[in-house]
Amino acid sequence: MTVLQALKMDRHIGRTFSVPPGSFSIVSLASVALTLPNLDRAAYPAFRRYMGRVPSPLQRIGADHILNFIGIAGSALVEQARLRSITAHGPGPAHLTSVLWLLPLLVVVGVGEALHFPGQVGLYYQEFPKALRSTSTAMIALCVGIGFYLSTAVVDLVRRTTGWLPDNIDTGRVDKVYWMLAVVGMINFCYYVVCARLYKYQNKNKEGVGSEASDTLSTKVEVL
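- The protein chain has the name Nitrate excretion transporter 2 in an unreviewed UniProt entry, where Acorus calamus is given as its organism.
- Recorded under Subcellular location (unreviewed entry), the UniProt text for the protein chain is reproduced unchanged: "Membrane".
- Among the UniProt annotations of the protein chain, the heading Sequence similarities (unreviewed entry) holds the following wording: "Belongs to the major facilitator superfamily. Proton-dependent oligopeptide transporter (POT/PTR) (TC 2.A.17) family."

Put into structure tokens, the structure is as follows:
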């Protein structure tokens with residue numbers, strides 16, 4: 001949906017250069033690449049220095065849930081502003097909202113991913129039986145794959161039952177789709193918090209702390 005928004009926004013930077021809409025996914029990837037080394041070299045050592053510990057894998061995953069919610073809600077607000085501009089100025093160049101409004105939201109999502117994936121790898125590697133540790137890292141790809149299938153089903157359901165996602169989003173309500181996803185994300189976060197609070201770490205000496213294994217795996221993810 002970010003690409004759909006970008007197609008209908010002012011993508012010009014300067015007088016001649018226009019950013020290709022499909023390239024906006026690079027922003028979140030670049031955010032991940034820049035955030036990972038800063039977390040490992042600055043943020044986590046500062047946590048350990050002043051708080052005696054670093055965020056546990058479950059806390060890192062929870063932080064990603066919050067940042068994702070912020071990114072989705074922000075995208076909904078940008079879309080609402082874009083639709084208001086169309087209503088005020090009518091179709092044509094005058095109504096175009098700058099695509100740069102999407103960049104901070106993609107950066108936020110990237111920071112969340114930089115917290116989530118190393119945290120998830122660290123949790124699986126730490127808690128799975130030793131014989132399954134190498135297999136446990138495949139759980140992330142499995143979860144991402146399930147998420148892609150579910151998101152496709154949700155988009156198809158929205159298109160079948162509402163008029164929010166027409167071919168021309170200027171006549172639709174993509175903002176409502178974002179708000180729906182934000183609500184689903186908040187419900188998911190609440191469910192996650194319940195599960196995280198009830199979870200009992202199998203490795204007691206690493207309970208509630210960011211383990212060295214998790215930090216090492218974070219560095220490996222950074223390299224990859």
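Considering the packing of aromatic side chains
Then, in step 1: If you walk through the whole model with that rule in mind, you get 2 aromatic pairs.
Then, in step 2: Between tyrosine 124 and phenylalanine 128, the ring centres sit 5.7 Å apart and the planes meet at 65°, which makes this aromatic pair edge-to-face.
Then, in step 3: The exposure class of phenylalanine 128 is partly exposed, given its relative accessible area of 27%.
Then, in step 4: Ring plane angle 80° and centroid distance 5.5 Å describe the contact between tyrosine 199 and tyrosine 201, whose orientation is recorded as edge-to-face.
Then, in step 5: Of the residues examined, tyrosine 199 reaches a relative accessible area of 32% and is grouped as partly exposed.
Then, in step 6: According to the relative accessible area criterion, tyrosine 201 is buried, its value standing at 6%.

Brief notes about a nonpolar patch on the surface
Then, in step 1: A contiguous nonpolar patch, built from Val3, Leu4 and Leu7 and spanning about 230 Å² of accessible area, is present on the exposed surface.
Then, in step 2: Along the chain, the position of leucine 7 falls in helix α1 (residues 2-7).
Then, in step 3: Judged by relative accessible area, which is 45%, leucine 7 ranks as partly exposed.

Overview of the nonpolar core
Then, in step 1: Judged by nonpolar contacts, Ala6, Met9, Val19, Phe24, Val78, Val99, Leu102, Leu105 and Leu106 together constitute the single largest core of 9 residues.
Then, in step 2: Leave out the neighbours within four places in its chain, and leucine 106 touches Thr2, Phe24, Val27, Ser28 and Ser31.
Then, in step 3: Residues Val32, Leu39, Tyr44 and Ala114 belong to the second largest nonpolar core, which totals 8 residues.

What to know about the environment of arginine 82
Then, in step 1: One can find arginine 82 in helix α3 (residues 57-89).
Then, in step 2: Discounting chain neighbours no more than four positions away, the residues touching arginine 82 are Lys8, Met9, Thr97, Ile169 and Asp170.
Then, in step 3: Within the local environment of arginine 82, its side chain forms a polar contact with the side chain of glutamate 79, the two groups lying 2.8 Å apart.

Observations regarding the UniProt feature "transmembrane region" (unreviewed entry) in the protein chain
Then, in step 1: In this structure's numbering, the residues bearing the UniProt feature "transmembrane region" (unreviewed entry) are residues 20-40, 98-117, 138-158 and 178-199.
Then, in step 2: Regarding residues 20-40, the helix share stands at 76% and the strand share at 0%, and the terminal C-alpha atoms are separated by 32 Å.
Then, in step 3: Taken end to end, residues 138-158 is 100% helix and 0% strand, and its two terminal C-alpha atoms sit 31 Å from one another.

Reading the values: the criteria
- Residues numbered from 1 in each chain as written.
- Predicted model: local features only at pLDDT ≥ 70, side-chain atom pairs only at ≥ 80, totals over all residues.
- Heavy atoms only, no water.
- UniProt positions renumbered as here; feature names shortened; annotations may be inferred.
- Phe/Tyr/Trp six-rings, centres within 6.5 Å; stacked < 30°, edge-to-face > 60°.
- Buried < 20%, exposed > 50% of the residue type's maximum accessible area, 1.4 Å probe, protein only.
- Patch = residues over 30% accessible without salt bridge, like charges linked within 9 Å, V, L, I, M, F, W, Y side chains within 5 Å.
- Areas by Shrake-Rupley, 256 points an atom, 1.4 Å probe, with all protein chains shown as cover.
- Salt bridge = Lys/Arg side-chain N within 4 Å of Asp/Glu carboxyl O.
- Helix = DSSP H or I, 4+ residues; strand = E, 2+ residues; numbered from the N terminus.
- Core = buried A, V, L, I, M, F, W, Y, C linked by side-chain atoms within 4.5 Å.
- Contact = heavy atoms within 4.5 Å.
- Polar contact = N/O pair within 3.5 Å; in protein donor to acceptor, adjacent residues only side chain to side chain.

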